[in-house]
Amino acid sequence: MKNSKGKAGHRPVRIIIAVACVLTAVLLLAKSQNFSLRTLTELGRENPQTAAAVLWVLYALKSATVFFPLVVLEITSGHLFPTQTALAVNLAGMFIILTVPYWIGRAAGEGVIRRLVRKYPRFEAILDKQQESSLFLCFFLRIISCLPGDVVTMYLGATGTPFAKNLLGGILGVLPGMVLATLVGESIRDPASPMFWLSIGGMVLLSTASLLLYAVYRRRQKKKKNP
């Protein structure tokens, strides 16, 4: 009993620390007047290390806000840096978005996150399988890409999914889309290039395949419930 009370008592403190970190990052960006993609592009040419750091701060902000589009950051990185560097920057960004929400979820607790999850009915058919294969679940929830990734990661943290499984499964799930978005960013200067259209086509195919995969999964689950 003492241990459970102690853990519960530490949760508000952890949440406050997490929120304070995010707000600090927001204030640092806000101080930068005239902040825009053009500014970031110029910064990428003059000081790539600083540009990468700014992108990682934006990744951290994205990890705490479900409405900020991840693909924009991936494309921006591809636009700013050579391909290999951009992939490395985005991979580090993936680590951030798979880490920050996870520990926010752990701090908030399962009850809080379950209330958030209720806003997304698509979770229902999948979450019951978590104890069956948590590594597969971490991968599957990311590869289908039709669920908000930040909420997914918060839920995995709140329900005690091992962090290593969350990280490995999550990275494997987001990697195909991340690579394609990075290539779009690299070729966006020349929209007529084959790489640009192949990358766009790949992203469309990946999104379509993820929706079909989710639909097949839902159909199989319904058949199991109603044979």
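Residues numbered from 1 in each chain as written. Predicted model: local features only at pLDDT ≥ 70, side-chain atom pairs only at ≥ 80, totals over all residues. Heavy atoms only, no water.

Novice: Got a minute to help me understand the packing of helix 5 (residues 83-108) against helix 9 (residues 149-158) in this structure?
Specialist: A pair of packed helices is characterised by two quantities: the angle between their axes and the separation of those axes. Here helix 5 crosses helix 9 at 50 degrees, and the two axes come no closer than 7 Å. Classed by the angle they form, the pair helix 5 and helix 9 counts as oblique. The crossing of helix 5 and helix 9 is right-handed. Two secondary-structure elements touch here, helix 5 through Ile97, Leu98, Pro101, Tyr102, Ile104, Gly105 and Arg106 and helix 9 through Asp150, Thr153, Met154, Leu156, Gly157 and Ala158. Along the lines of polarity and charge, the residues of the contact of helix 5 with helix 9 split into 8 nonpolar, 3 polar and 2 charged. (Axes fitted to C-alpha atoms, helices over the stretch in contact; angles between N-to-C directions. Helix = DSSP H or I, 4+ residues; strand = E, 2+ residues; numbered from the N terminus. Parallel < 35°, antiparallel > 145°, perpendicular 65-115°, else oblique. Left-handed = near helix turned anticlockwise from the far one by under 90°. Contact = heavy atoms within 4.5 Å. Nonpolar A, V, L, I, M, F, W, Y, C, P; charged D, E, K, R; others polar.)

Novice: Would you explain the environment of Tyr155 in this entry?
Specialist: Within the secondary structure, Tyr155 is located in helix 9. For Tyr155, a relative accessible area of 3% gives the class buried. Residues Tyr155 and Val112 lie 43 residues apart in sequence; the distance between their C-alpha atoms is 9.4 Å. (Buried < 20%, exposed > 50% of the residue type's maximum accessible area, 1.4 Å probe, protein only.)

Novice: Would you take a moment to explain the nonpolar core for this structure?
Specialist: Soluble globular proteins tend to pack their nonpolar side chains together in the buried interior. Leu55, Leu58, Tyr59, Phe81, Met94 and Ile97 are the most contacted members of the largest nonpolar core, which totals 20 residues. Listed by contribution, the elements that provide at least two residues to this core are helix 3 (48-63), helix 4 (70-80), helix 5 and helix 10 (163-187). Excluding residues that lie within four positions of it along the chain, Met94 makes contacts with Tyr59, Leu70, Glu74, Val174 and Met178. If you look at the next biggest cluster of nonpolar residues, it comprises 11 residues, including Cys138, Leu141, Val152 and Tyr217. (Core = buried A, V, L, I, M, F, W, Y, C linked by side-chain atoms within 4.5 Å.)

Novice: Even after reading the chapter, I still don't get the environment of Ala181, so can you show me in this structure?
Specialist: Position of Ala181 relative to the elements: it lies in helix 10. Here Ala181 falls in the buried class, since its relative accessible area comes to 0%. Ala181 sits 108 residues away from Leu73 along the chain, and the two C-alpha atoms are 9.0 Å apart. Setting aside chain neighbours within four positions, we find Ala181 in contact with Val71, Glu74, Ile75 and Met203.

Novice: What am I meant to see in helix 10 here?
Specialist: Note: α-helices contain 3.6 residues per turn, so residues at a spacing of three or four share the same orientation. The first and last C-alpha atoms of helix 10 sit 35 Å apart over 25 residues, in line with the 36 Å expected at 1.5 Å per residue. For helix 10, the principal kink sits at Leu175 and spans about 45 degrees; a proline, Pro176, occurs within the next four residues. (Expected span 1.5 Å × (residues − 1). Bend = angle between axes of the 7 residues up to and from the residue.)

Novice: Looking at this structure, I do not really get the confidence of the model for the chain. What am I missing?
Specialist: Detailed reading of the predicted coordinates is not advisable wherever pLDDT is low. When pLDDT is averaged along the chain, the result is 75; 67% of the residues meet or exceed 70. Averaged pLDDT values over the elements of the chain bottom out at 45 in helix 1 (residues 2-31) and peak at 92 in helix 5. Ignoring residues within four places in sequence, the model shows residues 1-20, a span with pLDDT below 50, making 8 contacts including any to other chains. Every residue in residues 22-35 scores below 50 in pLDDT, and together they form 13 contacts with partners more than four places removed in sequence or on other chains. (pLDDT = per-residue confidence, 0-100.)

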